[in-house]
Each structure stands twice: as structure tokens, then as C-alpha cells.
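Fold and geometry: a report
Here are the chains, one letter per residue:
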Amino acid sequence: LTSKLPDVGVTIFTRMSQLAASCKAVNLSQGFPDFPCDPALLQGVTEAMQAGHNQYAPMTGLPALREAIASKLQQSLNVHVDAEREITVTAGATQALFSVIASVLHAGDEALILEPAYDSYAPAILAQGAGVIRVALRAPAFAVDWDEVERAVTPRTRLIIVNNPNNPATSVFGPADLDALAQLAERHDLLVLADEVYEHLVFDGRQHHSVLAHPVLRARSFAVYSFGKTFHATGWKVGYCVAPPALSAELRKLHQYLVFSVSTPMQHALAAYLQQPAHWQGLPDFYQARRERLAPGLTQAGFQLLPNAGTYFQLADYSAIRPDLGELDFAEWLTRSYGVASIPVSAFYADGRDQHLVRFCFAKQDSTLDEAIKRLAELR
Ligand code: PMP
Ligand code: GLN
């Protein structure tokens, strides 16, 4: 067998979570909450199972869930989406991302990604026999230089992937970024894949600027979301993709053969749970409080914190602690020696560049964050 992905091993998330477990470290590496999801949501699953909703859901998703998503988008973004033709329920955002990439790219095409980039984009592109164009964003601001992006586009470029809010950069797009993206996409006839899984995790009074609310981008974008991220249930693997009818139709051709459909009782529970705007409107305050609990502990331990505008991750510069170590070595050393696991940011760059940055996940209960802070205090 000739590998289609010769450079791919296990992901950094698997690697660091395994190391954390074997060292009994506080795991602030892989991004998942360690607190329970809302009992009302669990109750919804139980009730759906007991009511007999245990067979295949419709291929595109349960109508009630697609309707609930459409009405949420109307409320939160003031955007009209056709639940029947424009929403596809997927097995998490990961499957939506892969399916979009596979439905859009032909062998020999190119897709453009901005680094640091979430780890699933490039392998999905490469698996299609397509090429990856990478434009690097630099710490601390990780702002996009749209002129540089434009210079990187070639006649073969079909797709640009953006992640807003950005994991791991923790930056968010402003309206000017969306305008620049729209102009670029129109000029070069690009499709846009917008990974907006952290749509509700924007802080300090900021707003999330979605491609769905931008008329030009709305017409040429696939926007991808994750209930795992939004409702503290990453293990459920339910998400969805919103795209215009013609794009959704192409996505569904592949989706039906990749998974056909997604867990029925979970979809029933989510459809009911989405009826209450309070279930998502409180998320910024909830996570901002987590961010503020962890930040002083990191600073006191000697880290220099980068600005965080969104996501449930905090980037930290460790130059004042162990300037001699590269990022992966530092993350492993911190896990083994101090019992706190993080993610090296170099994992999100193809060239593995070293900026002396690690990423901590603050989607954790108070006691977990406090234990991490206590352990890190030993660094002083
Ligand atoms: N995109 C980004 C930016 C993510 O951080 C993640 C996972 N946390 C995903 C996609 C995958 O989401 P899911 O767990 O719903 O597959
Ligand atoms: N998205 C999660 C993170 O950034 C990891 C999900 C995974 O392990 N694939 O930490």
C-alpha cells in the first residue's frame, strides 16, 4: 500500500491526552469540557430512546432539528436559511469539514488554509489528491494579511478555509476581514469553507461575524458548526453544515455514503433543546469566567499570555520559563514534570515553526483549573 497521507501520524490531541493520562496530569491539552452537559439535554436523549426513536434518521438530518437550527439562525444572525435544502446534519464538525472538502476538490485542485490551522484541514485536502496552499499568520495578533493571501492564490485554487473564531490562534474576524474575504472569493471564484464551531465563544462584548450574515459570502460558503462544542458534549459527534442549495446538494451526495445519517435520539434531544435561546446566549459569559480563572495562575507561573478574543483556549508564551526548549519538548516536559498538559502550537503549522507558544484549554471545572494553577505555581 502506498500511503495517501505519508506524513500523518496520530494527532497531537491523541498524543498529549495519552501522555496526560499516563502521567496523571491535569489535561488542559485536547479541547473538551470536563463538566457535565445540561441534565435537560440528557433527559431528552433518554426520552427519545424510550419513545422508540432508535432507527435511521433521514439522510439530511431530522426535520425537527433542521427547523430548530433554521430558527436559531434567524434569531441569532437574522439570516433566513431553508431548513430543507440548506442544512445537513453531520457526525460532528469533523465529518462536515471532510465531506465539504471531498465534495468540492478534484485531484490537482488547490485549497488555501491560514496557519496556524486546525489539524483536520490539510489531510482532508491531501486525501483528495489536491494541493494545500498555506499562508502563515504570526503571533501575537494572528491577523490576516489579505493581500498576502491574494498573492498566494493560483489559477488552480478552488477553496479557501477559514476558522472564526480561530483554534488555536484565539483571534476573531471583524467585518473588514469578511469584506476582504468576500472580495477575494469573488475575484478568484473561490468557494469558502467557514469553520465556525466556536461561534458562541467570543468574549469581552465582541460579536461573532458569520459568513452566513454576509450576502456575498452566504452565496459561496459552507458554514460548519458543532453541537459538541456548543453544548459541552464533544462525545456526541453531532454538527451541521449550512450552504446554498446547489452546494448542499453536492455535499449530500458524499454525506449519504460516508455516514448516511446521524444518531437519531441525539437529534431529537438537540431539536428540543435548541428551542431555548438561553441555552446558547449565556455561553460567552460562562466561558469568559473560565478564562479569567485560569489566566492569573498562568501569568504568576511565568507565562506571558497572548490576547484571547474567542474559543476556549488560552495561548501562552513560555520564553521566560524554559527558553531552551522547543514547543513539543516544553509541552511534554510540563506534563511529565509538573503534571499539566497543553498543546504545542507548532502542531498547527506544516513547517512546525517554533514560537515558544503552548495552548491551554480552559473548558474545565473550577477545581480542575485550580489544581492546574496549584501545580504550575511550582514553576516559580
Ligand atoms: N473545527 C475546530 C476548529 C475544532 O476545534 C474542532 C474540535 N474541537 C472541530 C472542528 C471538530 O468538531 P467536532 O468535534 O464537532 O467534530
Ligand atoms: N478540536 C479539539 C482541539 O482543538 C480536538 C479534537 C480532536 O481531538 N480531534 O483540541
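Just so you know, these numbers come straight off a predicted model, no measurement behind them. (Residues numbered from 1 in each chain as written. Chains lettered and ligands numbered in written order. Predicted model: local features only at pLDDT ≥ 70, side-chain atom pairs only at ≥ 80, totals over all residues.)

Attention now goes to the nonpolar core. One finds Leu97, Ile101, Val192, Phe222, Val224 and Cys241 to be the most contacted residues of the largest nonpolar core, which totals 109 residues. Element by element, the count of residues in this core is highest for helix H5 (residues 92–104), at 7 residues. Not counting residues up to four positions away in its chain, the partners in contact with Ile101 are Ala111, Ala124, Ile125, Gln128 and Leu193. (Core = buried A, V, L, I, M, F, W, Y, C linked by C-beta atoms within 7 Å. Buried ≥ 20, exposed ≤ 12 C-beta atoms within 10 Å, placed from the backbone. Helix = DSSP H or I, 4+ residues; strand = E, 2+ residues; numbered from the N terminus. Contact = placed C-beta atoms within 7 Å.)

For the chain, the assigned domains are domain 1 (12–30 + 282–379) and domain 2 (39–279). Taken over C-alpha atoms, the centre of domain 1 sits 26 Å from the centre of domain 2. Each side of the interface is counted separately: domain 1 has 25 residues, and domain 2 has 23 residues. Only helix H14 (283–301), strand S10 (313–317) and strand S13 (357–361) provide two or more residues apiece to the side of domain 1 that touches domain 2. The residue makeup of the side of domain 1 that touches domain 2, split by class, is 17 nonpolar, 6 polar and 2 charged. (Domains from an automatic or database assignment. Nonpolar A, V, L, I, M, F, W, Y, C, P; charged D, E, K, R; others polar.)

Turning our eyes to something else, we now look at the packing of helix H2 (residues 39–50) against helix H12 (residues 264–273). In contact at an axis separation of 8 Å, H2 and H12 are set at 130 degrees when each is read in the N-to-C sense. Classified by the angle between their axes, H2 and H12 sit oblique to one another. Where H2 crosses over H12, the handedness of that crossing is right-handed. Note on element contacts: H12 touches H2 through Pro265, Met266, His268, Ala269, Ala272 and Tyr273, opposite Ala40, Leu41, Gly44, Val45, Ala48 and Met49. Residue composition of the contact of H2 with H12, by class: 10 nonpolar, 2 polar and no charged. (Axes fitted to C-alpha atoms, helices over the stretch in contact; angles between N-to-C directions. Parallel < 35°, antiparallel > 145°, perpendicular 65-115°, else oblique. Left-handed = near helix turned anticlockwise from the far one by under 90°.)

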